[in-house]
Each structure stands twice: as structure tokens, then as C-alpha cells.
Amino acid sequence: MDNFLQVLLDGVLNGLVYALVAAGLSLIWGVMDVINFAHGEFLMVGMYVSYWLGFILKIDPLFSWVAAGLFLFILGAVTYKIIIRNSLGKSGMAPLLATFGLSMVLKNFCMNRFTPNFRLLSGTILEGKTLSFGGAIISVPQLVTALFALVVLSLLYWMLKKTRLGWAIQATAMDKEAAELMGIKTENIFLLVFGIGGACVGITGGLMTSYLAVYPEVGGLFSLIAFVVVALGGFGSIPGALLAALLIGLVESFSGFYIAAVVKYVAVFAVYLAVILLRPRGLFGW
Amino acid sequence: MAAMLEARDIHCGYDGVPVIHGLSLEVNEGEIVAIIGANGAGKSTTMRTICGLMHPDRGQILFQGEDISRLPASETIRKGISYIPEARRLFPRLTVLENLELGAFTEKDRSVVEERLSEVFSLFPKLKDRLHQTAETMSGGEQQMCAIARGLMSGPKLLMLDELSLGLMPSLVEKVFEAVTAINEKGITVLLVEQLVQEALEIADRGYVLQTGRLVHSGTARELLDSPEVRRAYMGM
Ligand SMILES: Nc1ncnc2c1ncn2[C@@H]1O[C@H](COP(=O)(O)OP(=O)(O)OP(=O)(O)O)[C@@H](O)[C@H]1O
Ligand SMILES: [Mg+2]
């Protein structure tokens, strides 16, 4: 029984983090029909920003997530301006290949500059802290990251549903031309959406360095999981991303514990394939 | 007095295929002007070019004396031009209220937005009961009301209407045209495109007849209604 609670909590905490990573991808996909293949590398860059701020300037991840979020917002916006904008309206493959190229550039740049080594911050405020809860042990840095993810997701959802800017983003996603007729500068909306998508992973990556090592390939697994989450949760849907990410987090932790650690991603992708076969529009799609 | 809107010999098309071949028209302040013509004549293309969704390859469009030929639609609305496109183009999964709010996207003053909301509710009282319903779940008639209301929310000087009557039953068409007259009486200039030639000319001051990208007739609504050619070609008489 103790194990069960532990595995459940691990799954939920991981799931919340996956949800924020996936939300960024989902928003870009939902609004612009663009798949950002560099999303995982954005996460990696966010982690490096926070790592170096911690290593050189001794700024704790509890604070440096702000800088990582901001940096990735800018990186996202610049990516849109320089790469995406010019590839939109060409063949559907163009933005896909362009972002794939960007992911290679980012990964190899970090490989070249920072070596492929794993780097873990030491001496962070939350380092090694745990809470025990009904016999289960919770890692505090992971808990904090998960709670942050939940807060950021809620804010994002509120912004999309309740503010004029959010309606303008939704309107642009539904009918770009009609949005222009309302006076919405859809170019700016796209720029903003790419920035927000970047900020989501920037914030997540910024916090994750308090318990995870950063290395140039770290984004790979996260982006793969984010793709699965978005496909399951429905494009552009924040609640969908949250539920799908929790599901994936739980499948991963339960299969990892009760079957074998090596099969946990097999289980994740098996669930994905099953859902795609039975419900091609995703679990929560329409 | 100079016209409010003036198109001077505009040419436009899609991907280099010309559709409008040198069209000139004028709309004076306070008027209702109708553009009529068969399917594919280029009515919507003309409207889209005026509002800035596309730009003329040649020629000029002046609005209140200013050249707007190159302005995008997101700017022409700030000048006071509101275009209600063909087939309404409401945001389907947003509510009626959210659609209306977006109609006033360029208006930052909250009290002005509230005032305009109450104005459109007095014009279309039914919308008030539908505020929190998504646009896609409304009937065609309600959607058309909502589209007109959304188009008014920016507080336009010139309202451009593209085939208001599309898909509406005759009794509703009459209501919608009455609404257009009421809007015009409040001082908003109207440029409209219609297939229902008779009905459109009955509320219009002047009209233009468009045929495969060229104007073939123009005149007061009365003149066009009385013209044997127009009657034969567009009213089946
Ligand atoms: N997006 C487009 N791409 C290419 N050609 C187009 C496009 N839209 C319209 N056309 C062409 O331009 C011509 C004029 O079309 P337009 O929509 O302006 O006609 P219309 O007078 O509004 O017709 P309707 O009464 O059917 O709405 C048509 O020949 C049409 O095929
Ligand atoms: Mg048309």
C-alpha cells in the first residue's frame, strides 16, 4: 500500500511537469498549426540558463526560473520572426523542417560549448529536502516544480478563457482573416504565442535544475512525451494537456514500478498507440 | 464635397489571375450604396480589397481623403471601416458576448464598449438572451444578427455588408434589411453587396452593377430599379 501511494505521487508530480511542457507545444500547435520540433531543445536551453545562473552567479533555481522563462519567451519570439514567419504559407513541411533544423543547431551548439556532460547544481535551497506523506517520500524540489507548473497552467488557462487577449488568441486560431477584420494584428498574436510557448518550457526547465541534471540531449525524452500528451489531449486544449499529462505520468510510474523500469516508456507509447487507434482525435478531442 | 470612400480604377485578383479590371466607385457620407451582380462577378473581391484583406494591383482606394490601398484590414478598422464578410465568419467556439467584445477589440475605453453593447442590444434584443451561448450553436438568423452586431461594435463610420440575406428565410431578410436602414439612420454609411437585387435597391440610395469584374451600370436606386436591362438581367422580369 505504501508503494502504491509513492508510485501514485511520483506519477502525478511528473505528470504536472509534463503538462506545462506540453501546454507550450499544444498552444503553438493549436493556434498556428505549427509543430515546434525544437520544443525539447527549448527546455534544454531553459535548463542551461538556470544552471549557469546558479553555477556562476549563485542564483537559486527558485529565482532563476524568471530569467529562464523570459529568455525562452524571447527565443520563442525570435524563432517565430526569423524562422517560422518565412516558412508559413509555404508547404506544410517547411516549418516542421525549419524547427527540426533549429533543434539540431541548439543541441549541437550546447554540445560544443558545454560538452555532453551531465551537470547538476549543488547547494540549491531545496537540495535534498523531502516531505513524508502517509509513508511516501516526496522530493521537495520536484513538488515545488509541479506546483509551479499547476499555477502557470491555471494562469494560462484563465488568460485564454477570460481576457480579451485570450479571446483574440482563440479567434486567431479559429479564423485568422476574421480576426484581422476585428483589428487583431494576427502577426503579433503569433509572435506572442510562440513567446508564451517558449516561456512555458523556460519556466519548467528553470525550476527543474533543482533536481535534474542538464545535458544537451535532455530535451529529447521530454519533447517525445509532450508530443504524446498533445496528441492525446487535443491540440490547443490546456485542460486536455493537463489530463493527458497526468495519465502519461501515472502510466509511466505504475508500469515502471509494477512491471519493470525499462518498460515504462514502452507502456507510455502503447497507451498512446491504443488511444490513437481507438480515438484518433485524442482522448479529449472532439 | 469629396466622397467618403473612393475607389479609383482598381485592378485586383488572386495569385496573378485578374478578377477586377479597373473599377471605380464612390460612397458619400450617409448613403446606402448597393453593389449587385451575378455569382462570381467580383463583388466580394471588391469588398475584400476595400477593407484591406487584399490589396489592389493597380489603382487607389481613398477613405476620407486618405490613401488606404496598402493598409491591412487590422488598420482600416481603426480608420472606421467595418466589413461583415460573406458567410458571417463568427468565431464558432466563442460565445456571443466574446464575439461582440472582439468586435470592439480596437476600443480601449470600457465605458464606450458598454455603451455600444447596449446599442446593439436595443437593435437586436434577442442577442441579449444568447450572450453565453457559443456562436456555432445559434440559428442562421441569430448568427446573422450577431455578425451585424459584431460589425457595429467597433463604432464604424462605414459599414460594409456582404450578402446579408445568404441562407435566411424571406421574413428574416426583411427584418435584416430594416435593421440596415435603422443603422443608416443613426448616421452610419453603408456599402452592401446583394444577390437579392430588388430588396437591396429598395433600401439603397444608389447602386452599381458589376459584371465579370467591370461596372456595367450605375445610378440611383430608382434608375436601376426602372432600368429594363437591370430588371431583365437580375430580377428575372
Ligand atoms: N481565394 C480565391 N482564389 C482564387 N480565386 C478566387 C478566390 N476568391 C474568389 N476567386 C475568384 O474571383 C472571382 C470573383 O469572386 P467573388 O467571390 O469576388 O465573386 P462574388 O461576386 O462575390 O460572387 P458570389 O455572389 O458567388 O459571392 C471568381 O471567379 C472566383 O472564382
Ligand atoms: Mg461574394
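Relevant structure appears above.
The rules behind each value
- Residues numbered from 1 in each chain as written.
- Chains lettered and ligands numbered in written order.
- Predicted model: local features only at pLDDT ≥ 70, side-chain atom pairs only at ≥ 80, totals over all residues.
- Heavy atoms only, no water.
- Pairing = 2+ DSSP bridges.
- Helix = DSSP H or I, 4+ residues; strand = E, 2+ residues; numbered from the N terminus.
- Contact = heavy atoms within 4.5 Å.
- Axes fitted to C-alpha atoms, helices over the stretch in contact; angles between N-to-C directions.
- Donors = N, O, S within 2.8 Å, 3.2 Å for Na, K, Ca; no water.
- Near = heavy atom within 4 Å.
- Polar contact = N/O pair within 3.5 Å; in protein donor to acceptor, adjacent residues only side chain to side chain.
- Areas by Shrake-Rupley, 256 points an atom, 1.4 Å probe, with all protein chains shown as cover.
- Core = buried A, V, L, I, M, F, W, Y, C linked by side-chain atoms within 4.5 Å.
- Buried < 20%, exposed > 50% of the residue type's maximum accessible area, 1.4 Å probe, protein only.
- Disulfide = S-S within 2.5 Å.
- Phe/Tyr/Trp six-rings, centres within 6.5 Å; stacked < 30°, edge-to-face > 60°.
- 1 Å grid on protein atoms, 1.4 Å probe; cavity = no way out; pocket = protein on both sides within 12 Å on 5 of 7 lines; lining within 4 Å.
- Points joined across faces, edges and corners; volume = space filled by probe spheres on them.
- Nonpolar A, V, L, I, M, F, W, Y, C, P; charged D, E, K, R; others polar.
- Parallel < 35°, antiparallel > 145°, perpendicular 65-115°, else oblique.
- Left-handed = near helix turned anticlockwise from the far one by under 90°.

Student: Please give an account of the sheet that holds strand β4 (residues 58-63) of chain B that cites residues and values.
Tutor: Residues and elements named next belong to chain B. One open sheet holds the 4 strands; their spatial order is β2-β1-β4-β5, and the pairing between them is antiparallel. Every interior strand has two partners, whereas the edge strands, β2 (17-27) and β5 (66-67), have only one. Against the sheet, helix α1 (residues 43-51) contacts β1 (5-14), β2 and β4, and its axis sits at roughly 115 degrees relative to β1.

Student: Give a description of the coordination of the magnesium ion (ligand 2) that names residues and reports values.
Tutor: Distances from the magnesium ion (ligand 2) to its protein donors, namely S44(B) (OG) and E86(B) (OE), fall within the range 1.9 to 2.5 Å. Of this pair, S44(B) sits in helix α1 while E86(B) sits in the loop between β6 (81-84) and α3 (96-103), placing them 42 residues apart in sequence.

Student: Mind laying out the site of ligand 1, listing which residues take part and the relevant values?
Tutor: All names here are of chain B. Neighbouring ligand 1 are 13 residues, the closest being K43, S44, T45, E86 and Q195. One of the side-chain nitrogen or oxygen atoms of S44 is found 2.8 Å away from an oxygen atom of ligand 1. With the chains in place, 59% of the 630 Å² that ligand 1 exposes on its own is no longer accessible. In terms of residue count, the dominant contributor to the shell around ligand 1 is α1 (3 residues).

Student: An account of the sheet that holds strand β7 (residues 158-162) of chain B is needed here, citing residue identities and associated values.
Tutor: All names here are of chain B. The 6 strands lie next to each other as β6-β7-β8-β3-β9-β10, forming an open sheet whose pairing is mixed. In this open sheet, the two edge strands, each paired with only one partner strand, are β6 and β10 (214-220). For this sheet the average axis-to-axis angle between neighbouring strands, irrespective of direction, equals 15 degrees. Summarising the sheet, strand β9 (residues 206-211) and β10 pair through 6 bridges and their orientation is antiparallel. From the neighbouring strand, G207 faces β10, where its bridge partner is G219. Relative to the sheet, helix α6 (residues 170-185) contacts β3 (32-37), β7 and β8 (189-194), its axis offset from that of β8 by approximately 155 degrees.

Student: Give me the lowdown on the nonpolar core, citing residues and values where you can.
Tutor: Among the nonpolar cores identified, the biggest contains 111 residues, and M32(A), I184(A), L5(B), L102(B), L158(B), M160(B) and L191(B) are the most heavily contacted of them. Among the elements that line this core, the one with the most residues is helix α1 (residues 2-32) of chain A, at 13 residues. Setting aside chain neighbours within four positions, we find M160(B) in contact with M47(B), I50(B), C51(B), I81(B), S82(B), Y83(B), I84(B) and L191(B). V113(B), L117(B), C146(B) and V209(B) belong to the second-largest nonpolar core, a separate cluster that totals 49 residues.

Student: Tell me about the pairing of strand β2 (residues 136-139) of chain A, and name the residues and values.
Tutor: All names here are of chain A. Alternating residues of β2 divide into A136 and I138, all buried, and I137 and S139, none buried. The pairing of strand β1 (residues 130-133) with β2 spans 4 bridges and is classified as antiparallel. Bridge pairing in β2 places L131 opposite I138. Taken together, β1 and the strand that follows it, β2, pair antiparallel across an intervening segment of 2 residues, in which G134 is found at a positive phi of about 55 degrees.

Student: Explain the state of the cysteines to me, using residue names and the numbers behind them.
Tutor: All names here are of chain A. Taken as a whole and judged by the stated rule, the model has 0 disulfides over all chains. Not engaged in a disulfide, the cysteine C200 finds its nearest cysteine sulfur in C110; these two sulfurs lie 20 Å apart. By relative accessible area, C200 is classed as buried at 3%.

Student: Please give an account of the packing of aromatic side chains that cites residues and values.
Tutor: All names here are of chain A. Using the criterion set out here, one finds 17 aromatic pairs over all chains in the structure. A ring pair is formed by W52 and F55, whose centres lie 5.8 Å apart and whose planes are at 90 degrees; its orientation type is edge-to-face. Linking W52 with F55, this pair stays in helix α2 (residues 39-57), spanning 3 residues, or about one helical turn. With a relative accessible area of 22%, W52 lands in the partly exposed category.

Student: Go over the layout of surface pockets with me, naming the residues and quoting the values.
Tutor: Residue and element names in this part refer to chain A. The calculated volume of the second largest pocket comes to roughly 360 Å³. Taken together, 20 residues make up the lining of the second largest pocket; nearest its centre are Y18, L212, L221, F222 and Y265. Elements represented by at least two residues in the lining of the second largest pocket include exactly α1, α9 (219-233), α10 (238-258) and α11 (264-278). Looking at the lining of the second largest pocket, its residues break down into 12 nonpolar, 4 polar and 4 charged.

Student: Go over the packing of α3(B) against helix α5 (residues 140-152) of chain B with me, naming the residues and quoting the values.
Tutor: Two quantities define a packed helix pair, namely the angle between the axes and the distance from one axis to the other. All names here are of chain B. Relative to each other, α3 and α5 sit at 30 degrees, their axes nearing to 7 Å. Regarding the angle of α3 to α5, the classification is roughly parallel. Considering how the two elements wind past one another, α3 and α5 form a crossing that is right-handed. Taken together, the residues of α5 that come into contact with α3 (itself represented by V96, N99, L100 and G103) are C146, A149 and R150. Looking at the contact of α3 with α5 residue by residue, the classes come out as 4 nonpolar, 2 polar and 1 charged.

Student: Describe the side chain of T49(B), naming the residues involved and giving the relevant values.
Tutor: Residues and elements named next belong to chain B. Residue placement: T49 occurs in helix α1. Accessibility expressed as a relative area gives 1% for T49, which makes it buried. With residues up to four places along the chain from it excluded, the contact list for T49 reads I10, C12, M54, H55, P56 and I61.

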